[in-house]
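One letter stands for each residue in the lines below.
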Amino acid sequence: MSSGASAPFSAELIEKARDTRVVVIGGGIAGLLAAWECARIGMDVTVLEAASRPGGAIRGASVGGLTLDVGAESYATRGGHVRRLIDELGLGSDVVAPSGGRAWLAGIPGVPGGAAPLPAGGVLGIPANPFDPDVRRIIGWGGTWRAYLDRLRPVLTIGHTHSLGALVSTRMGTRVLDRLVAPVVQGVYSALPADIDVDLAAPGLNAALTRAGSLSGAVSVLSAERATKAPGGAVEGIRGGMTRLVEGLLARLHELGATILTDTRVAAFGRGADDWQVELARGADPRADGREDLAADAVIVATDERMARALLRASVPGLDPALDGASDARPSDGTAPEIEVVSLVVDATALDARPRGSGVLTVPGSYTAKALTHATAKWAWLAETARTIAPHRHVVRVSFGSQGEPAATAELSDEEAAALALTEASALLGVPLSPSQLAGAHRERYTQSQPASVIGREAQTAAVRERVAAVPGLGIVGAWVSGTGLAQVVPDALTEGERVRTALLWDRRP
């Protein structure tokens, strides 16, 4: 096409984009990214966030004189999607790798002190060599010889095992499952190994098992392949905290003229004669009472699963009613785990030596807390900042709650939750910590989205996707459809935002 013909065509698209109204319901990272995809080509975008601040699971707070990540503190490097976003936002020079050494495992029966470093080189806690001293220390000689039987057992030639828990227990025994795999799966997914689909959580593991003839051999194969394809660490962070990612997105959206409304709940939305009508909830906040309902050419839903299903029900034919109200249902117990993270700022000389590396996972049932991160051991930039306030100041994050087990802090006051977290931190780190050393505490609560790797989850979310995409001018993003973690949420939100905007510009169909 000649330049003379393309100029009017481009002007027409530009005008069409400016006249197109998009409402994004939910201002978490997925909602902000979908909004950005539409706003960056000139569309009129409004983001409605029910909370007092955007960002979703990326949250910050001032604690003990420090600005901390009290939500997500890092991102998985796989795929490179998050890093590309960070680079585009101009934050690439502040990307940092974690330090502090390996994490530890606590609550190990028969081990002096009940704690030991987690073995390196495994896949989801599955060891490549059960005779490795770090592995043997945790599972004992009995567990080691039982795991070795994996090398002698025949491999299925027809079909394969989907359940991670069933695969590990059958091939390598319950000690590997309970003491190595379960703590990792609980820490990563807040889920039970029995509910995790091997092919989704560890792609290629079943195929490698067939080739290598054993599960430990398959782990060796996968570990070698991953080291070749993706050298470097599995996670990264941002100097100054992950909240800078949200701040960067908000700055870009404001530059593009997008409107971000916080403390704004949506009661319902539906298709009118010519456009979508978005009804705001009244009475929850005086500021919302004065706002008018919105009309839009497209609506992108970016809330958690419970709210999304409630909002979509009237507009999406065939949305599975069996799942309505069962937000993030787990196969094992049908409930979503309520996770609480208590961030502690303490002045403790004993923590200067990083006694448990970057943090601690726990054998299920051994401690009240599920995991601990020694943040000032893990992130050098944070340690440097903390030392400018006090020479021995440290940040420790203590997590409570998991699948089928409510957070022990759920019914406690903030002061009681901080006291419990301090007690657990002392036990997990193996050093005395007293209330007099506590310089500050902060508590955050989350409802964990169901991981994409849970058995059957992929089919459920694919069905939702298909039905939403069949409705003109409608989109859906968020961890409950993409899978948890920024490495999955980011590319999914960008792709869905692009799909919606392209449909609006070209043929107004999804």
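This one's a predicted model, so the numbers in the text were calculated from it and none came from an experiment.

(A) Just the packing of helix α3 (residues 81–88) against helix α18 (residues 486–506), in detail. Where α3 meets α18, the axes come as close as 8 Å, and the angle between the chain directions of the two elements is 65°. Viewed along their axes, α3 and α18 adopt a mutual orientation that is roughly perpendicular. Across the interface between the two elements, His81, Val82 and Leu85 of α3 pack against Leu486, Ala487, Val490 and Pro491 of α18. Partitioned by chemical class, the residues of the contact of α3 with α18 number 6 nonpolar, 1 polar and no charged.

(B) Fine view of the sheet that holds strand β11 (residues 266–271). The strand order β11-β12-β13 describes an open sheet built from 3 strands, whose pairing is antiparallel. Strands at the two margins of the open sheet, each flanked by one partner only, are β11 and β13 (294–296). Each strand of the sheet is rotated relative to its neighbour by a mean of 20°, with strand direction disregarded.

(C) Region of the structure containing the sheet that holds strand β18 (residues 393–400). Pairing within the open sheet is mixed, and its 7 strands lie in the order β8-β7-β16-β17-β18-β15-β19. Every interior strand has two partners, whereas the edge strands, β8 (115–117) and β19 (438–447), have only one. Across the sheet, the mean angle separating the axes of adjacent strands is 20° when strand polarity is ignored. As judged from the 3 bridges shared by strand β7 (residues 104–106) and β8, these two strands associate in the antiparallel manner. Among the inter-strand pairings, alanine 106 is bridged to a residue of β8, identified as alanine 115.

(D) Structural context of helix α6 (residues 174–189). The first and last C-alpha atoms of α6 sit only 20 Å apart over 16 residues, clearly below the 22 Å expected at 1.5 Å per residue. Most pronounced at valine 181, the bend in α6 amounts to some 40°, and the proline proline 183 follows within four residues. The complete set of buried residues in α6 reads Val176, Leu177, Arg179, Leu180, Val181, Ala182, Pro183, Val184, Val185, Gln186 and Tyr189. At its buried positions, α6 is contacted by β7, α4 (133–148), α5 (164–172), α7 (198–201) and β16 (359–362). Downstream of α6 by a residue or two, serine 190 has a phi angle that is positive, lying close to 50°.

(E) Quick peek at helix α8 (residues 205–212). Of all the residues in α8, the buried ones are Leu205, Asn206, Ala208 and Leu209. Projected onto a plane normal to the axis of α8, the buried residues spread over an arc of 160° and lie on a single side. With respect to the buried face of α8, the exposed residues turned more than 90 degrees away are Thr210 and Arg211. Once α8 finishes, glycine 213 follows within two positions and takes phi at roughly 90°, a positive value.

Calculation notes
- Residues numbered from 1 in each chain as written.
- Predicted model: local features only at pLDDT ≥ 70, side-chain atom pairs only at ≥ 80, totals over all residues.
- Heavy atoms only, no water.
- Axes fitted to C-alpha atoms, helices over the stretch in contact; angles between N-to-C directions.
- Helix = DSSP H or I, 4+ residues; strand = E, 2+ residues; numbered from the N terminus.
- Parallel < 35°, antiparallel > 145°, perpendicular 65-115°, else oblique.
- Contact = heavy atoms within 4.5 Å.
- Nonpolar A, V, L, I, M, F, W, Y, C, P; charged D, E, K, R; others polar.
- Pairing = 2+ DSSP bridges.
- Expected span 1.5 Å × (residues − 1).
- Bend = angle between axes of the 7 residues up to and from the residue.
- Buried < 20%, exposed > 50% of the residue type's maximum accessible area, 1.4 Å probe, protein only.
- Arc of directions from axis to C-beta.

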